[in-house]
Amino acid sequence: MSLAIKVTQLNAWFGRTQALYDINMQIAASQVTAIIGPSGCGKSTFVRCLNRMHETIPEARVEGSVKIGNLDVLAKGTSPVEVRRRVGMVFQKPNPFPAMSIYDNVAAGLKLNGFHKRQELDEIVEHALRMAALWDEVKDSLRKKSGASLSGGQQQRLCIARALAVQPEVLLMDEPASALDPISTAKIEELLFQLKAQYTIVIVTHNMQQAARVADSTGFFLLGRLIEFDKTQKMFTAPGDKRTEDYITGRFG
Amino acid sequence: MTTRSRFHQGLDELKSKLLAMGGQAEQAVETAVRAYNERVPELCQRVFTNEAKINMAEREIDELALDLLAMQQPMAVDLRFILAIIKSNADLERVGDQAVNIAQRVMDLIALPQVDLPADIPQMAAIAAQMVRQALEAFVSGDAEAAQRILEMDDITDRMNQEIFLAMDKAMNDSPDVIRQALDTIIIARNLERIADHATNIAEDVIFWIRGADVRHGFSTTTAK
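What counts, and where the lines are drawn
Residues numbered from 1 in each chain as written. Chains lettered and ligands numbered in written order. Predicted model: local features only at pLDDT ≥ 70, side-chain atom pairs only at ≥ 80, totals over all residues. Helix = DSSP H or I, 4+ residues; strand = E, 2+ residues; numbered from the N terminus. Rg over C-alpha atoms; globule rule 2.2 N^0.38 Å. Buried ≥ 20, exposed ≤ 12 C-beta atoms within 10 Å, placed from the backbone. Contact = placed C-beta atoms within 7 Å. Pairing = 2+ DSSP bridges. pLDDT = per-residue confidence, 0-100. Axes fitted to C-alpha atoms, helices over the stretch in contact; angles between N-to-C directions. Nonpolar A, V, L, I, M, F, W, Y, C, P; charged D, E, K, R; others polar. Core = buried A, V, L, I, M, F, W, Y, C linked by C-beta atoms within 7 Å. Expected span 1.5 Å × (residues − 1). Bend = angle between axes of the 7 residues up to and from the residue. Parallel < 35°, antiparallel > 145°, perpendicular 65-115°, else oblique. Left-handed = near helix turned anticlockwise from the far one by under 90°.

Helix and strand content of chain A: ten helices and ten strands. Compactness check: chain A gives a C-alpha radius of gyration of 18 Å against a globular reference of 18 Å for 253 residues, within 12% of the reference. For chain A, the C-alpha atoms occupy an extent of roughly 55 × 40 × 35 Å along the three principal directions. In chain A, buried positions account for 44% of the 253 residues. A fraction of 68% describes how many contacts in chain A between residues 6 or more apart in sequence connect residues 24 or more apart.

Below, the structure is given as structure tokens:
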């Protein structure tokens, strides 16, 4: 197993409220890692610390270390823009830029980074849409249709394509399928299998069956602490901690 | 009532159904052995009649277990519990079958002249029945240590089966007119040994349910790789 993300003694606050306590976690490269736990357990805060989204909230604060390869994510000298280029994110609710065409949605990140070569842009957009398993559905209306005109499931795959276009190393997904129907959900899950060969994926999910289906490793958070982190197969058949077992068998939360 | 508490109620129901069925299987063994000891055909008949109830119970348990798997997607300890139930269910049904096999041999023995053979069937039957009862008790209390002790008892019935086989072999050589009775006795001992095996399987399922460890065939690894 090669290591993609090394989290050491991560603590996070919203104002005076502490949201994460002493998180230590080593996330493997080219794997899907699921983060589960009841609402308010800190799982979204955790992934938002991995690409410095946490600090965009007023009065939010973070301490500790997150390393992605040689990138010291939380260091003072590190540019958040650089971090977010290397660590892409997909949110619960699909959020394409509504006024932009499908093409421009995918190209937006590259253009923002000053990339304007038309032919290469075309290639990257096609590649990203193919990776997101959306190409065949939209190739004839790339510039004609807006991102908002797509179905919910297509919009979410568009957002994945947009995240992939800037060629990140890590893809963070916060409940990416919770607003989608079962067919779109299945497409996203299938996509994760394809993508994990090239990307390290961290997915937050409330759906335990989804974590069991897609993740190689699963971490269970409770009240801001990482309670247990192990292979998914072990977590869902014979977890080591009573609190994990109680949560995944629905005895609380 | 929340969905989950309905689910846990379903698990409790599954357990009580399995225990009720276990009680019937255990009783079938005891009745068959009493028929052997006392040479009473009516007791054999009772075993034959009761088998249908055990078979029916097996179907009901599988059906409920399948429903819970499909509707509730159980995880971790609950998943292991349902697997243990499904497997123990099949073992208990087989215990019932073995009781029927014994009763059939007893019917045959009753029709033959009574002979005194050096086989302690009552003692072996007592151990096998005790193993079934203790396996069920371990299931009731979720007691992996009690289940562990049953595994050790299995060697006793294996040895007794072997001893009875050798003794009957000798008896048949010594006196050809007891061949049929001796063969019936060998088959009964073999059935009792199988009953003890099923009790052992159930004990292993209890250990799997409680500890998440697969201890079958002498392994002591957990399910997680």
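All right, on to the overall build of chain B then. Of regular secondary structure, chain B possesses six helices and two strands. Listing every helix and strand of chain B by position from the N terminus yields α-α-α-α-α-α-β-β. Buried positions account for 41% of the 225 residues belonging to chain B. Sequence separation of at least 24 residues holds for 79% of the intrachain contacts in chain B that already meet a minimum separation of 6.

Quick look at the sheet that holds strand β1 (residues 3-14) of chain A now. One key point about sheets: their strands pair by backbone hydrogen bonds, in either a parallel or an antiparallel sense. Residue and element names in this part refer to chain A. The strand order across the open sheet built from four strands is β2-β1-β4-β5, with neighbouring strands paired in antiparallel fashion. One side of each edge strand has no neighbouring strand; the edge strands of this open sheet are β2 (17-28) and β5 (71-72). Across two bridges, strand β4 (residues 60-68) lies against β5 in antiparallel orientation. Looking across to β5, one finds that Lys 67 is bridged to Asp 72.

Predicted confidence across chain B gives a mean pLDDT of 93, with 96% of residues reaching 70 or more. We note a pTM of 0.82 for the whole complex and an ipTM of 0.70 for its interfaces.

On to the sheet that holds strand β3 (residues 32-36) of chain A. Residue and element names in this part refer to chain A. Judged by pairing direction, the sheet is mixed, and its six strands sit side by side in the order β6-β7-β8-β3-β9-β10 without closing on themselves. In this open sheet, the two strands that pair with only one neighbour each are β6 (87-90) and β10 (225-231). Going from strand to strand, the sheet's axes swing by 20° on average, the running direction of each strand aside. Note: strand β9 (residues 217-222) against β10, six bridges, orientation antiparallel.

All names here are of chain A. Relative to β2, β1 runs antiparallel, the two being bridged by eight bridges. By the bridge assignment, Val 7 is partnered in β2 with Met 25. The antiparallel hairpin formed by β1 and β2 contains two residues in its connecting segment, where Gly 15 sits at a positive phi of about 60°. Sheet topology places β1 next to β4; eight bridges connect them, and they run antiparallel. Opposite Asn 11, over in β4, you have Glu 63 as the bridge partner.

Here we come to the pairing of β6(A). Two faces make up the sheet, and in a regular strand the side chains alternate between them. All names here are of chain A. Both faces of β6 are covered, namely the face carrying Val 87 and Met 89 and the face carrying Gly 88 and Val 90. The pairing of β6 with strand β7 (residues 170-174) spans four bridges and is classified as parallel. Opposite Val 87, over in β7, you have Val 170 as the bridge partner.

Looking now at the confidence of the model for chain A. With 99% of its residues at a pLDDT of 70 or more, chain A has an overall mean of 93. Taking the mean pLDDT of every element in chain A, the minimum, 90, falls on helix α7 (residues 182-195) of chain A and the maximum, 98, on β10(A).

A word on the interface of chain A and chain B. Every contact between the two is made by 13 residues of chain A and, on the other side, 13 residues of chain B. A breakdown of the residues in the side of chain A that touches chain B according to their chemical character gives five nonpolar, five polar and three charged.

This brings us to the nonpolar core. Core analysis: the biggest nonpolar cluster contains 138 residues, and Ala161(A), Val29(B), Ala32(B), Ala128(B), Val132(B), Ala135(B) and Val206(B) have the highest contact counts within it. Looking at which element gives the most residues to this core, the answer is helix α6 (residues 179-211) of chain B, with 15 residues. In this structure, Ala135(B) is in contact with Ala147(B), Ile150(B), Ala199(B), Ile202(B) and Ala203(B), ignoring residues within four places of it in sequence.

This brings us to helix α2 (residues 41-72) of chain B. Residues and elements named next belong to chain B. Taking 1.5 Å per residue, 32 residues should reach 46 Å; α2 reaches 47 Å between its end C-alpha atoms and fits that length. Asn 50 marks the point of greatest bend in α2, at about 25°. The set of residues buried in α2 consists of Cys 44, Val 47, Ile 54, Ala 57, Glu 58, Ile 61, Ala 65, Leu 68 and Gln 72.

Next up on the list: the packing of α2(B) against helix α3 (residues 76-111) of chain B. All names here are of chain B. Interhelical geometry of α2 versus α3 gives an angle of 165° and a closest axis separation of 9 Å. Judged by the inter-axis angle, α2 sits roughly antiparallel to α3. The element α2 and its partner α3 pack so that their crossing is left-handed. Looking at side-chain class alone, the contact of α2 with α3 contains 18 nonpolar, three polar and four charged residues.

All names here are of chain B. At their nearest, the axes of α3 and α6 sit 9 Å apart, and the two run at 170° to each other. Of the possible angle classes, the one that applies to α3 and α6 is roughly antiparallel. When grouped by side-chain class, the residues that make up the contact of α3 with α6 number twelve nonpolar, seven polar and nine charged.

This paragraph deals with the environment of Asn24(A). Checked against the element boundaries, Asn24(A) lands in strand β2. Ignoring sequence-local partners within four residues, the contact set of Asn24(A) consists of Val7(A), Thr8(A) and Gln9(A).

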